[in-house]
Number of protein chains: 2
Amino acid sequence: MRRIRVGLAQINPTVGAIEANARLVLDWMERARAAGCDLVAFPELALTGYPPEDLLFKTAFIEANLRALADVARQSRGITAVVGYVDKRDDIFNAAAVLHDGAQVGTYHKQYLPNYGVFDENRYFQSGTEAPVFVVGDTVLAANICEDIWYPTGPTTLQALAGAELVVTINASPYHAGKAQFREKMLATRAADDLVCLAFVNTVGGQDELVFDGQSFIFNEKGERIARGRAFEEDLVVADLDLDEIFRARLHDSRRRKEKLRAAEPTRISLPSLPLREKRKPPAHEIQALEPVEEIYQALVLGTRDYVTKIGYKHVVIGLSGGIDSALVAAVAVDALGAANVTGVTMPSPFSSLGTRRDAARLAKNLGIDMLRVPITGVLKAYKRALAAAFKGVKEDVTEENLQARIRGNYLMALSNKFGWLVLNTGNKSEIAVGYTTLYGDMAGGFAVIKDCPKTLVYKLSEHANARARRELIPETVFTRPPSAELRPDQTDQDTLPPYAELDAILECYVEGDQGVADIVARGFDAQTVKRVIAMVDRNEYKRRQGAIGIKITPRAFGKDWRLPIVNKFRE
Amino acid sequence: MRRIRVGLAQINPTVGAIEANARLVLDWMERARAAGCDLVAFPELALTGYPPEDLLFKTAFIEANLRALADVARQSRGITAVVGYVDKRDDIFNAAAVLHDGAQVGTYHKQYLPNYGVFDENRYFQSGTEAPVFVVGDTVLAANICEDIWYPTGPTTLQALAGAELVVTINASPYHAGKAQFREKMLATRAADDLVCLAFVNTVGGQDELVFDGQSFIFNEKGERIARGRAFEEDLVVADLDLDEIFRARLHDSRRRKEKLRAAEPTRISLPSLPLREKRKPPAHEIQALEPVEEIYQALVLGTRDYVTKIGYKHVVIGLSGGIDSALVAAVAVDALGAANVTGVTMPSPFSSLGTRRDAARLAKNLGIDMLRVPITGVLKAYKRALAAAFKGVKEDVTEENLQARIRGNYLMALSNKFGWLVLNTGNKSEIAVGYTTLYGDMAGGFAVIKDCPKTLVYKLSEHANARARRELIPETVFTRPPSAELRPDQTDQDTLPPYAELDAILECYVEGDQGVADIVARGFDAQTVKRVIAMVDRNEYKRRQGAIGIKITPRAFGKDWRLPIVNKFRE
């Protein structure tokens, strides 16, 4: 019986940390050897981290990555490995090196370069043209990269027709809610269509606004999942493949035999088989998929932890208003960094209600975090005094509301400067969309944890935070009190905005769906409301452009995948 | 004698203002008729404005642009016109419509889609595959778009071989210093190589961070420039072409005849000639190119004017420190908007010297702008009082310096909120590069006029501002005083930074040249200094990401053409 043991090393590299990434690859290669793997695969651009963006224009960066690959290749004794790196020929390529027993024996260049959404790969890479297969002893393997697998007539099919029994697809597939299920479904189809085992390894970790969820998996030639890795954690996903099964399945597939004749025969690289490893039964590696809300929650936790620690911070500071947004951010921060590394700050004004003040204190107590109290009244008075001459004869308006928000922003930044704490911003997607925020005020901060979470989702995530803790973290009254910025007496968000359920539904159509006024009204929303919401979104592009980055969890976040001009007169 | 009169309408459309852009096209079409033009050409994507970015994902946007084109086509009676728009087939195309006597008679789809620098055209468009020529009476014409003309074996050559005597290239070619000369040189070569008249029409105006300089031109088949349009202004560039000259030149070109046989014959669309117009001698249209510093100055003026007015503002406010950066920005703002629409604000602290206070006042007087005075001392004291408990036992440091900058930022934003003035930011490229700036402090503002001007260039532009005004605008002492942020006693920029001449030279290598430490040191710079500068640039990516947009005037600005990750451990 022909058997191969495959290991998928879903590691968490850091962009630009090429030497450290190489050490990480070698560490997990050793774990794969210890687990008896014949082959181990690492994610797309594992050596550089993904996405390296304009670092790819630097010659020194490309050279450092090639040196690291050579080093990893030398240390690949006794195993076959697939490692993502940047190859350099006449141009640069997003590449998968095939390493075998101490040497690089081949390379694959990504053919389909994504240039939509958050991706800009045409900016950097040349497309590959060849899809080689590798014969290791009596096993036929092939590798390709991420986007390549999404095309039904792409390299996977070609490699399978050329005899590949196992196709390894190395990925850096950014998370958004619902994507993992979609991805598995598509790959199951591809495996069954091509009668090939598919091993999908995905990177894990946060990189700026992106989170990679891991959840690597292996499908057999029937399209059945035989292993799945952890979500949002490093993991080695191990499975044994029965290659004779594939042989038998293909023997009886006449369509396949016919098409094979037509397919161009790709390069075939033959390699000696390696000495058999002692193989104990591998651990059953079938991690359950997470529930949808828990999956998003974990994305926020990992995205926050990785951003904070990868830029070299340990401790964060959060303005606690007593509202739901800052409560959720604080809960996520505690899960990401530990309560000892989170400080809350309450910054009351004359308009802060007793209820919100109490809730902020109770939240801090529930989470076990330190809380500072720095009132804004004195500073606000000083501002009014200083600006009195300039503002003479003009009424108070939104200016004074914004001043309050900006004093709070300044306090948080002063604490950041003084103690080396990172300010976590607490704005949600709904308010960022319509500009119900103050630039340099509540928009201040280095990282916007829930930037891509609509307000209605913020409530769900907050309920979930309590449920997973099995106790009250976020006080009940935070859920029941009407949302308010508390910048003037008796203010609520709904004075200015439509109810959040309606607002979020309209925003999803406009922001994620690129629908126009007519489309959205046709779905049953009030025309005046739709126009008003769209005008608010468009008018506030300048604010978003100066906002902190934050974690993408929807198909379209306000980040790399939202590129709207500020000067823009289109209103339909 | 076969003659054709060509008009290039270098207009200033606004992104998204599709109906207004169509009216602008019709207005200039009428001017072209009045000038006796047989053909008039408009810039790339004239109907949508350039670049429309993700507006291109909206069906309603594409449809509105098609309706506008149909309207313009109907009104093209008695003339041939080339108009940039978005075409929609199975996908969308960056297209040039050929209109003739009241109807659209053809279209050209851009073949080379730029996806580098500030461009993301692969994100939106499909590439065209056909390069038709149009026979209008006895004249053979063709059109192509921007990037297409840069390829020596691209559509221009094909169209010329297929008989085109005039190739119209429609452009939205973003300005940077030195580009216009390079562009003309390249097109002169292309015209002479292909023995074809080339009419290059470029858009004009500011769009977010980009400025388009106009400077349209026409080359004859010898590669001689026979007309050039104004820089940074709308213009109709008119010239008469002698087509018999081209015919004669080609008759004797044997290389050409040989290659013609090899060339695939493109689509040929024949149209009746239009009634002859009365043609007086066209005005000699040969605008002198601007001197390099004046060209940059005008780019700043137009970029500022268009940003401010296109987003619907009239009036700007600028913090005047008495330093060179704010002085230059104020001078540019006055040229862009008029002195009545510019307000200066001086915001002295105990560290502000008498010299800078006097200079700020004198500058305002020289420019004829209003100046407000809002001291920061009282508010700073209030902040220190409010934060005293939190900061107990900790020394004063950069925190208190940043607070001063942030109070000033808040004042400017308060004036903006209260009076509807746009805050112009005064940061230069050198300080933005190394992060010698305070987030939400001196980085506050809607538009950063000199964001892409290194400090050494700021001095040159400031001298030039005085020279072109033929009087002192910026006081002499502003030039001679050592640059200082004045945030603590006797502070100067050079306490922290290398001398600006050295800093700017290193930054040019690193930021514009993508050179690494080794490359830059090899040019003779001190290794420690180079490493320190590069580390500062990398470490401050998070600040730049939250900075205001500003006008690109170098080959690489901190904007769309600078896409570096914040989490980035690469240090070579």
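Residues numbered from 1 in each chain as written. Chains lettered and ligands numbered in written order. Predicted model: local features only at pLDDT ≥ 70, side-chain atom pairs only at ≥ 80, totals over all residues.

## Description of the overall build of chain A
And then number 1: Within chain A, the regular secondary structure consists of 18 helices and 20 strands.
And then number 2: The C-alpha atoms of chain A give 27 Å as radius of gyration, which agrees with the globular expectation for 572 residues (25 Å, within 12%).
And then number 3: Taking the principal axes of the C-alpha coordinates as reference, chain A spans close to 85 × 50 × 45 Å.
And then number 4: By the burial criterion, 56% of the 572 residues in chain A qualify as buried. (Helix = DSSP H or I, 4+ residues; strand = E, 2+ residues; numbered from the N terminus. Rg over C-alpha atoms; globule rule 2.2 N^0.38 Å. Buried ≥ 20, exposed ≤ 12 C-beta atoms within 10 Å, placed from the backbone.)

## Structural notes on the nonpolar core
And then number 1: Membership of the largest hydrophobic core comes to 336 residues, with the highest contact counts inside it found for A:Val83, A:Ala330, B:Val83 and B:Ala330.
And then number 2: Look past the residues within four positions of B:Val83 in its chain and what remains in contact with it is B:Val25, B:Phe42, B:Ala46, B:Leu47, B:Leu69, B:Val72, B:Ala97 and B:Leu99. (Core = buried A, V, L, I, M, F, W, Y, C linked by C-beta atoms within 7 Å. Contact = placed C-beta atoms within 7 Å.)

## Remarks on the interface of chain A and chain B
And then number 1: Opposite the 70 residues of chain A that make contact, chain B presents 69 residues.
And then number 2: Looking at the side of chain A that touches chain B, the elements with two or more residues in it are helix H2 (59-74), helix H7 (292-310), helix H10 (377-387), helix H11 (398-419) and helix H18 (541-545) of chain A.
And then number 3: Here the side of chain A that touches chain B takes 13 residues from H11(A), the largest share from any one element.

## So, the packing of helix H8 (residues 324-337) of chain B against helix H13 (residues 455-469) of chain B
Residues and elements named next belong to chain B.
And then number 1: Contact pair H8 / H13: the axes reach a minimum separation of 10 Å and the direction vectors enclose 45°. Judged by the inter-axis angle, H8 sits oblique to H13. In the packing of H8 onto H13, the handedness of the crossing is left-handed. Contact with H8, carried on its side by Ile324, Asp325, Ala327, Leu328 and Ala331, involves Val458, Tyr459, Leu461, Ser462 and Ala465 of H13 and no other residues of that element.
And then number 2: Per-class residue counts for the contact of H8 with H13 are eight nonpolar, one polar and one charged. (Axes fitted to C-alpha atoms, helices over the stretch in contact; angles between N-to-C directions. Parallel < 35°, antiparallel > 145°, perpendicular 65-115°, else oblique. Left-handed = near helix turned anticlockwise from the far one by under 90°. Nonpolar A, V, L, I, M, F, W, Y, C, P; charged D, E, K, R; others polar.)

## Looking at the pairing of strand E6 (residues 133-136) of chain A
Residue and element names in this part refer to chain A.
And then number 1: Across four bridges, the pairing between E6 and strand E15 (residues 268-271) is parallel. Within E15, the residue paired with Val133 across the bridge is Arg268.
And then number 2: Where E6 lies against strand E7 (residues 139-145), three bridges are found, and the strand directions are antiparallel. Bridge pairing in E7 links Phe134 to Leu141.
And then number 3: Hairpin remark: E6 followed by E7, antiparallel, with two residues in the connecting loop; positive phi at Gly137, about 60°. (Pairing = 2+ DSSP bridges.)

## Some details on the packing of helix H1 (residues 18-34) of chain B against helix H2 (residues 59-74) of chain B
Residues and elements named next belong to chain B.
And then number 1: Interaxial distance between H1 and H2 falls to 9 Å at its minimum, and their mutual angle equals 20°. With respect to their mutual orientation, H1 and H2 come out roughly parallel. Considering how the two elements wind past one another, H1 and H2 form a crossing that is right-handed. Across from Ile18, Glu19, Ala22, Val25 and Leu26 in H1, the residues of H2 making contact are Ala64, Asn65, Ala68, Asp71 and Val72.

## Observations concerning the sheet that holds strand E16 (residues 316-319) of chain B
All names here are of chain B.
And then number 1: In spatial order, the strands read E18-E17-E16-E19-E20; together these five strands make up an open sheet with parallel pairing. The open sheet has two edge strands with one neighbour each: strand E18 (370-373) and strand E20 (447-448).
And then number 2: Across two bridges, the pairing between E16 and strand E19 (residues 422-425) is parallel. Its bridge partner being in E19, Val317 is matched across the sheet by Val423.

## Overview of the relation of the copies chain A and chain B
And then number 1: At an RMSD of 0.0 Å, chain A and chain B line up after a rotation of 180° and a shift of 0.0 Å along the axis. On the angle and the small slide along the axis, the relation comes out as a two-fold axis. In terms of C-alpha distance to the rotation axis, chain A has A:Gln546 as its closest residue, with the C-alpha 2.1 Å off the axis.
And then number 2: The share of interface residues of chain A whose copies in chain B are also at the interface is 99%, consistent with both copies meeting through the same surface. (Least-squares fit on C-alpha atoms with pLDDT ≥ 70 in both.)

## Quick look at the domain arrangement of chain A
A common way to express how large an interface is: the accessible area buried when the components associate.
Residue and element names in this part refer to chain A.
And then number 1: Partitioning chain A into domains gives domain 1 (3-271) and domain 2 (292-493).
And then number 2: When each unit is reduced to the centre of its C-alpha atoms, the spacing between domain 1 and domain 2 is 41 Å.
And then number 3: For the side of domain 1 that touches domain 2, the secondary-structure elements that each account for two or more residues are strand E10 (204-207) and strand E11 (210-213). (Domains from an automatic or database assignment.)

## So, helix H7 (residues 292-310) of chain B
Residues and elements named next belong to chain B.
And then number 1: An ideal rise of 1.5 Å per residue puts 27 Å on 19 residues; H7 measures up with 27 Å between its terminal C-alpha atoms.
And then number 2: Most of H7 is tucked away, with 14 of its 19 residues classed as buried.
And then number 3: Positive phi shows up at Gly312, right after H7, with a value of about 95°. (Expected span 1.5 Å × (residues − 1).)

## Details of H1(B)
Residues and elements named next belong to chain B.
And then number 1: In a regular helix each residue adds 1.5 Å, so 17 residues correspond to 24 Å; H1 covers 24 Å between its end C-alpha atoms and thus fits that length.
And then number 2: When H1 is considered as a whole, its buried residues turn out to be Ile18, Asn21, Ala22, Leu24, Val25, Trp28, Met29 and Ala32. Seen from one end, H1 has its buried residues packed into an arc of 155°, which puts them on one side. Opposite its buried face, H1 presents the exposed residues Asp27 and Ala34, each directed more than 90 degrees away. (Arc of directions from axis to C-beta.)

## Some words on the sheet that holds strand E5 (residues 103-109) of chain A
All names here are of chain A.
And then number 1: Reading across from one edge, E5-E4-E3-E2-E1-E14 is the order of the six strands in this open sheet, with mixed pairing throughout. If you trace the sheet from one side to the other, it starts and ends with E5 and strand E14 (235-242), each paired once. Neighbouring strand axes in the sheet, compared pairwise and without regard to direction, differ in orientation by 30° on average.

## Observations concerning the confidence of the model for chain A
Detail in the predicted coordinates should be disregarded across regions flagged by low pLDDT.
And then number 1: On average, residues of chain A score 94 in pLDDT, and 97% of them reach the 70 mark or higher.
And then number 2: As a predicted assembly, this complex carries a pTM of 0.96 together with an ipTM value of 0.95. (pLDDT = per-residue confidence, 0-100.)

## Focus on the environment of A:Lys429
And then number 1: Mapped onto the elements, A:Lys429 comes out in helix H12 (residues 429-434).
And then number 2: Ignoring sequence-local partners within four residues, the contact set of A:Lys429 consists of A:Lys451, A:Asp452, A:Cys453 and A:Pro454.

## Topic: the pairing of E18(B)
Residues and elements named next belong to chain B.
And then number 1: Looking at chain direction, strand E17 (residues 342-346) and E18 are connected through four bridges and run parallel. Bridging from a neighbouring strand, Thr343 pairs with Asp370 of E18.
And then number 2: Considered for its hand, the β-α-β crossover made up of E17, helix H9 (residues 354-367) and E18 is right-handed. (Right-handed = clockwise from strand over helix to strand, strands pointing away.)

## Here we look at the environment of B:Gln288
All names here are of chain B.
And then number 1: One can find Gln288 in the loop between strand E15 (268-271) and H7.
And then number 2: Among the residues examined, Gln288 registers 8 C-beta atoms within 10 Å and is labelled exposed.
And then number 3: Taking the C-alpha atoms as reference points, Gln288 and Arg228, 60 residues apart in sequence, are found 7.8 Å from one another.

## As for unusual backbone geometry
With the exception of glycine, most residues fall at negative phi, and the peptide bonds are largely trans.
And then number 1: Following A:Tyr50, the chain continues into A:Pro51 via a peptide bond in cis, with omega recorded as -5°.
And then number 2: If you trace the backbone, A:Pro51 turns up in the loop between strand E2 (39-41) and H2.

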